[in-house]
Amino acid sequence: MSTASEAEREGDEKAAFLAEMGRRIKGAIVDLGLTETKFCWRAEMHETLLRRWIKGQTNPTATHLANVAPHLDVSGDYLLQLTDDPTPADRRNPTTPSP
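Per chain, the residues get numbers from 1 upward, laid out in the order the sequence is written. Reporting in this predicted model follows two pLDDT cut-offs: at least 70 for local features of residues, and 80 or more for side-chain atom pairs to be given and counted; totals over whole chains, interfaces and linings ignore these cut-offs and use all residues. Calculated side-chain values reflect all of the structure's heavy atoms, with hydrogen atoms and water omitted.

## Details of the overall build of the protein
When helices and strands are tallied, the protein shows five helices and zero strands. Strands here mean DSSP runs of E at least two residues long; helices mean DSSP runs of H or I at least four residues long; both are numbered from the N terminus. Listed N to C, the secondary structure of the protein is α-α-α-α-α in terms of helices and strands. For the protein, the residues scored as buried account for 26% of the 99 residues in total. Any two residues whose heavy atoms approach within 4.5 Å at even a single point are treated as in contact. In the protein, of all internal contacts separated by at least 6 residues, the share reaching a separation of at least 24 is 44%. Mean positive and mean negative side-chain charge positions of the protein (12 and 15 charges, respectively) differ by 7 Å. The buried label applies to any residue whose accessible area, calculated with a 1.4 Å probe on protein chains only, is under 20% of its type's maximum; exposed applies above 50%, and partly exposed to all values in between. Residues counted as positive are Lys and Arg, residues counted as negative are Asp and Glu, and His and the chain ends are not counted. Working definition for charges: the position is that of NZ of Lys, CZ of Arg, CG of Asp or CD of Glu.

## Quick word on the nonpolar core
Put simply, buried Ala, Val, Leu, Ile, Met, Phe, Trp, Tyr and Cys residues joined by side-chain atoms within 4.5 Å make one nonpolar core. Ranked by size, the top nonpolar core spans 18 residues in total, and within it Ile25, Ile29, Phe39, Met45, Leu50, Leu72 and Leu79 carry the most contacts. At the level of secondary structure, the elements contributing two or more residues to this core comprise α1 (4-31), α2 (36-43), α3 (47-54), α4 (62-72) and α5 (76-79). Each residue touching Met45, except ones within four places of it in the same chain, is listed here: Phe39, Cys40, Leu50, Trp53 and Val68.

## Section: unusual backbone geometry
You will see that Asp73, though not glycine, has its phi angle at about 60°, which is positive. Here Asp73 is to be found in the loop between α4 and α5. Residue classification places Asp73 among the partly exposed positions, given a relative accessible area of 34%. Even without being a glycine, Gln81 presents a positive backbone phi close to 65°. Within the element layout of this structure, Gln81 appears in the segment after α5. Since its relative accessible area comes to 26%, Gln81 is described here as partly exposed.

## Some words on the environment of Thr37
Tracing the backbone shows Thr37 in helix α2. Judged by relative accessible area, which is 42%, Thr37 ranks as partly exposed.

## A word on the packing of aromatic side chains
Two rings from Phe, Tyr or Trp (for Trp, the six-membered ring) form a pair when their centres are within 6.5 Å of each other. A pair whose planes differ by under 30 degrees is stacked, one over 60 is edge-to-face, and the rest are tilted. Taken as a whole and assessed by the stated rule, the structure comprises zero aromatic pairs. Throughout this description, the term charge over a ring refers to an Arg CZ or Lys NZ atom that lies within 6 Å of the ring centre and within 35 degrees of the ring normal. Positioned over the ring face of Tyr78 is Arg24, at 4.4 Å from the centre of the ring.

Next up, the structure:
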């Protein structure tokens, strides 16, 4: 059974996760030298949705992340905070040599 403090902690963790994702999205847009408006035009998405992500107000779906990450020139893993390396997987150096 969850207690009120466990639920509060989970809410805080989710808020922190969404805030960091928003920072990463905004940072990638800035790194590309784009405005939010120009990025949305390029990614064919609505500015309101992007701004909600940046503010940490809503959680992007997996489909949204898969569609947006290439336009941001970052990996989905970076947006999901599974790595601190924003390099898309197809451009990373392999860690083990190929046979």
